[in-house]
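Listed below, chain by chain, are the residues.
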Amino acid sequence: MPAVPETVDRVRQIDVDQYKYGFVTDIESEKAPKGLNEDTVRFISAKKNEPQWMLDWRLEAFRRWQTMREPTWARVHYPKIDYQDAYYYAAPKAFKAPKSLADVDPELLRTYEKLGIPLKEQEILAGVRKQGEPSQLDGDMMEGMRSSGRVAVDAVFDSVSVATTFKEELKRAGVIFMPISEAIQEHPELIKKYLGSVVPTSDNFFATLNSAVFSDGSFVYVPKGVRCPMELSTYFRINEQNTGQFERTLIIADAGAYVSYLEGCTAPMRDENQLHAAVVELVALDDAEIKYSTVQNWYPGDADGKGGIFNFVTKRGDCRGKNSKISWTQVETGSAITWKYPSCILRGDNSRGEFYSIAISNGYQQVDSGTKMIHLGKNTVSRIISKGISAGKSQNTYRGLVTAHRRATGARNFTNCDSLLIGDKCGAHTVPYMEAKNSSAVFEHEASTSKISEDMLFYCQSRGMSAEEATALVVNGFVKDVLQQLPMEFAVEAQKLISISLEGSVG
Amino acid sequence: MSLLEIKNLHVEIEDEGKKILNGLTLTIEKGQVAAIMGPNGSGKSTLAYVLAGRPGYAVTEGDILLDGESILDMAPNERAAKGVFLAFQYPVEVPGVATMTFLRTALNAQRKLRGEGEISTPEFLKLVRAEAGDLGINQDMLRRGVNVGFSGGEKKRAEILQMAILQPRIAVLDETDSGLDIDALRIVSEGVNRLRSPERSMIVITHYQRLLNYIVPDVVHVLAKGRVVRTGGKELALELEAKGYAQYTDEAA
Ligand SMILES: Nc1ncnc2c1ncn2[C@@H]1O[C@H](COP(=O)(O)OP(=O)(O)OP(=O)(O)O)[C@@H](O)[C@H]1O
Ligand SMILES: [Mg+2]
């Protein structure tokens, strides 16, 4: 498949522990005063011109948060986070929500260009068409991957959304896709109804913190019976120093609607750790389907484990209606610490939840990720495919929970969890919990841990591949089942990322 | 100059210090097809692996020269780019990587090391289709993971396909005939014979004289206890078939 040689080129071009997206954009920014108290929350709310009900919602969350403790059950170790020693709001100075792309600061446009995220609509068209052109060879690796037409992008820079593309065309289809800060102003009835309805403000330490101080994020509403005409995408970028990023995403697919949503993220290389605590809520009503894909590439820290993003994220989907479906696909390559369990509540009868994950750790990265499938409705089905790859001195844990409620007659789950170890200083751990309160539930679990075999590497090398090319090929084979779940453009990108992440893992 | 010269080669298993090859000397001329026969455990596969550069073996004495240049310090992929190919006695499975992808990645990697450009997609597809067709390998096998779920005979055929695509200058076929049924033996032999050329040499390791009826060697070497103990023409294979290896294992002792 064509991406592999390309990947190797890329890998050669970069030195060990050189993170490609590690540059800083020189742009003046306006921050909230350092630290966290009720005034910080009021400051953020005021900056956003929020109505009183929104401020009250935030304050309630903040008061709740003050009584909570940081969770310690995950298999990750990190120095104590001083929540008072950070900024909770940063926005490019003189920032006013741009009316159109022409109003966006050229420095920001250049940043996204450098990141490979084209914001100009015509460029998206051109770019995607070129990428999506199926090579005849793609057949073997990319079989089953969908090639999307176009992608609408919402770009979030530090605390604010700087641009949303394709707004007009989406509007004609009746799809609402805008920064959540705008949705609070323009669609308060939808926000009031759905915000916090999947992840309540009291849910967990990080989600509660997010509820108090979230600054922006994306909002999507797809009305009854509408199939969203293009992929929607948000691109998150942390630029400021000492700044946490707390974005909030809310996606609602009304009865019979369909939407596919992509999320990407990067951050500059910095010596200190930065906190990222996002919340994503998905709601699928009767017969609706939401497909949510993430390629997470936050700065992982340097070769000695210094710096990197602490990624504490709560993602949950509610299959609220009958026959609804939510599918999470994630490729996790970045962050110093990952704490993330995209989950599904299978409330509607016959609803379906899926979780496909590739989690790669190298260097000193620590990943504790997995999913929860909560079967509440009858004949609900869930499927979990997790591929963990550990290299360097990293630790990679899969943590999963599958439960069937008393009335979840006919619930079914299939879990497959494979771990691949590269080298002998890293670790892979699998922590599956299963609990069926309904005797008709059928849960199947498969797990394997393997070391990348010397024989396999030598076989590839004897055919002309270097150790790195061979590793990339073997790993791409290992994660194939999950890569196939991603939209084509993302899959190619993800594949490159995987190889880059494993740079320096073979000697 | 001979294409390949193996001079007084002494090889041990790295960690155990167990000695496998004991002063093996062998010369392969350009365009020559040499058969190597010998009892189980005499070091045939070890020789093949050492030629290809597999880690885990220590060369304690002697040298291997390709076009007069020592290859001992070269990585396996560099040797491959210089034209060394090994058809494995036990081909390795690479799950999730389609044979097509594998072949293209390998070919382009070699071309890059040689400073050549990548092969174009249509050219590559044409090449694979033609060779696969001749070897009776269907499209389904090309799409499946490398060697995954292939029968023993299919694996051997796939090795010959790889050889045909990679066009080596010196190919070592390690028991490519074992596990093949009568028809497959003919198909594989024809595949190998198609690749015979004045520019390409082959080392055919086998236990059975039968293969040599199809792939007629220029020379037959007998390997015992880690060294070449006798060299002769193709009739030597017939003699071995009749008499076995007893005299050589005693001689070498
Ligand atoms: N990694 C290893 N560790 C220990 N002993 C080894 C190793 N590899 C090979 N040997 C030993 O070296 C000797 C030669 O093995 P080799 O596989 O080269 O023989 P062969 O001539 O190919 O045999 P066959 O005809 O059975 O294929 C055998 O005694 C074998 O057990
Ligand atoms: Mg052998």
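Residues numbered from 1 in each chain as written. Chains lettered and ligands numbered in written order. Predicted model: local features only at pLDDT ≥ 70, side-chain atom pairs only at ≥ 80, totals over all residues. Heavy atoms only, no water.

Caption draft 1: Region of interest: the overall build of chain B. Looking only at helices and strands, one finds ten helices and twelve strands in chain B. For chain B, whose C-alpha radius of gyration is 18 Å, the value lies close to the compact-globule estimate of 18 Å for 253 residues. Projected onto the principal axes, the alpha-carbon positions of chain B cover approximately 55 × 40 × 35 Å. Within chain B, the fraction of its 253 residues that count as buried is 55%. Taking the intrachain contacts of chain B between residues at least 6 apart in sequence as the baseline, contacts between residues at least 24 apart amount to 69%. (Helix = DSSP H or I, 4+ residues; strand = E, 2+ residues; numbered from the N terminus. Rg over C-alpha atoms; globule rule 2.2 N^0.38 Å. Buried < 20%, exposed > 50% of the residue type's maximum accessible area, 1.4 Å probe, protein only. Contact = heavy atoms within 4.5 Å.)

Caption draft 2: Summary view of the pattern of salt bridges. According to the stated counting rule, one finds 29 salt bridges over all chains in the structure shown. The partner of Glu159(B) in a salt bridge is Arg463(A), and the shortest N-O contact between them spans 2.8 Å. Here Glu159(B), found in helix α6 (residues 152-166), pairs with Arg463(A), found in the loop between α11 (454-461) and α12 (467-478), and the two come from separate chains. Judged by its relative accessible area of 0%, Glu159(B) falls in the buried class. (Salt bridge = Lys/Arg side-chain N within 4 Å of Asp/Glu carboxyl O.)

Caption draft 3: Focus on the state of the cysteines. All names here are of chain A. Evaluation of the coordinates by the stated rule reveals zero disulfides over all chains. Not engaged in a disulfide, the cysteine Cys 228 finds its nearest cysteine sulfur in Cys 319; these two sulfurs lie 18 Å apart. Not part of a disulfide, Cys 417 finds its nearest cysteine sulfur in Cys 344, a span of 15 Å. (Disulfide = S-S within 2.5 Å.)

Caption draft 4: Spotlight on the packing of aromatic side chains. Evaluated as defined, the whole model comprises 24 aromatic pairs over all chains. Measuring from centroid to centroid gives 5.4 Å for Trp65(A) and Tyr83(A), while their planes differ by 75°, and the two rings are edge-to-face. Pair noted here: Trp65(A) is in helix α3 (residues 52-66) and Tyr83(A) is in the loop between α3 and β2 (90-92), with a separation of 18 residues, a long-range link. The exposure classification of Trp65(A) matches that of Tyr83(A), with both residues buried. Ring geometry for Tyr459(A) versus Phe88(B): centroids 4.9 Å apart, planes at 80°, classification edge-to-face. With Tyr459(A) in helix α11 and Phe88(B) in the loop between β6 (84-87) and β7 (94-98), this pair bridges two chains. Residue Phe88(B) is classed as buried on the basis of its relative accessible area, which comes to 3%. (Phe/Tyr/Trp six-rings, centres within 6.5 Å; stacked < 30°, edge-to-face > 60°.)

Caption draft 5: Inspection of the site of ligand 1 at higher detail. Residue and element names in this part refer to chain B. Surrounding ligand 1, one finds 15 residues, the nearest of these being Ile 20, Lys 44, Ser 45, Thr 46 and His 207. Asn 40 is positioned such that a nitrogen or oxygen atom in its side chain is 3.0 Å from an oxygen atom of ligand 1. Contact between ligand 1 and Gly 41: an oxygen atom at 2.9 Å from a main-chain N or O atom of the residue. For the shell around ligand 1, a count of residues per class yields three nonpolar, eight polar and four charged. (Near = heavy atom within 4 Å. Polar contact = N/O pair within 3.5 Å; in protein donor to acceptor, adjacent residues only side chain to side chain. Nonpolar A, V, L, I, M, F, W, Y, C, P; charged D, E, K, R; others polar.)

Caption draft 6: Representation of the sheet that holds β6(B) within the structure. Residue and element names in this part refer to chain B. Strand order across the open sheet formed by six strands is β6-β9-β10-β3-β11-β12, with mixed pairing between neighbours. What marks the edges here is a single partner per strand, and that holds for β6 and β12 (227-232). Across this sheet, the average inter-strand angle for adjacent strands is 20°, counted without regard to direction. Set on the sheet, helix α1 (residues 44-52) makes contact with β3 (33-37), β6, β9 (170-174), β10 (201-205) and β11 (219-224); between it and β6 the angle comes to about 145°. Sitting on the sheet, α6 is in contact with β6, β9 and β10, with an inclination near 165° to β6. (Pairing = 2+ DSSP bridges. Axes fitted to C-alpha atoms, helices over the stretch in contact; angles between N-to-C directions.)

Caption draft 7: Here's a closer look at helix α3 (residues 99-113) of chain B. Helix length check: α3(B), at 15 residues, gives a terminal C-alpha distance of 21 Å against a target of 21 Å (1.5 Å per residue), a fit within 8%. Once α3(B) finishes, Gly115(B) follows within two positions and takes phi at roughly 75°, a positive value. (Expected span 1.5 Å × (residues − 1).)

Caption draft 8: Structural detail: unusual backbone geometry. Residues other than glycine seldom take positive phi values, yet Asn49(A) does so here, at roughly 60°. Within the secondary structure layout, Asn49(A) lies in the loop between α2 (38-47) and α3.

Caption draft 9: Highlighting the coordination of the magnesium ion (ligand 2). Residue and element names in this part refer to chain B. Protein coordination at the magnesium ion (ligand 2): the donors are Ser 45 (OG) and Gln 89 (OE1), at 2.0 to 2.3 Å from the metal. Here Ser 45 is found in helix α1, whereas its partner Gln 89 is found in the loop between β6 and β7, with 44 residues between them in sequence. We classify Ser 45 as buried; its relative accessible area is 19%. Gln 89 gets classed as buried once you look at its relative accessible area, which sits at 13%. (Donors = N, O, S within 2.8 Å, 3.2 Å for Na, K, Ca; no water.)

Caption draft 10: Fine view of the interface of chain A and chain B. Between chain A and chain B, the residue contacts involve 29 residues of the former and 41 residues of the latter. Counting the surface lost from both chain A and chain B, the interface buries some 2800 Å², and carbon and sulfur atoms represent 66% of this. One can count two salt bridges joining chain A with chain B. Between chain A and chain B we count nine residue pairs in polar contact (both at pLDDT 80 or more) in total. Of all the secondary structure elements, the ones that give two or more residues to the side of chain A that touches chain B are α1 (3-13), α6 (138-142), α11 and α12 of chain A. Top element by residues in the side of chain A that touches chain B is α11(A). It accounts for six residues. When its residues are assigned to classes, the side of chain A that touches chain B shows 15 nonpolar, six polar and eight charged. (Buried area = accessible area lost by both parts, 1.4 Å probe.)

Caption draft 11: Quick look at the side chain of Gln162(B). In this fold, Gln162(B) is placed in helix α6. Only 2.5 Å separates the side chain of Gln162(B) from the side chain of Arg463(A), close enough to count as a polar contact. In this structure, Gln162(B) is in contact with Tyr459(A), Arg463(A), Phe85(B), Phe102(B) and Leu103(B), ignoring residues within four places of it in sequence.

Caption draft 12: Local environment of the sheet that holds strand β5 (residues 69-70) of chain B. All names here are of chain B. Reading across the sheet, the four strands line up as β2-β1-β4-β5 and stay open at both edges, with antiparallel pairing between neighbours. Of all strands in the sheet, those bounded by a partner on one side alone are β2 (19-28) and β5. Here two bridges tie strand β4 (residues 57-66) to β5, and the two strands are oriented antiparallel to one another. Its bridge partner being in β5, Leu 65 is matched across the sheet by Ser 70. Of the strands in this sheet, β1 (4-13), β2 and β4 touch α1, which is tilted by about 110° from β1.

Interpretation in functional terms is not warranted from these geometric data alone.
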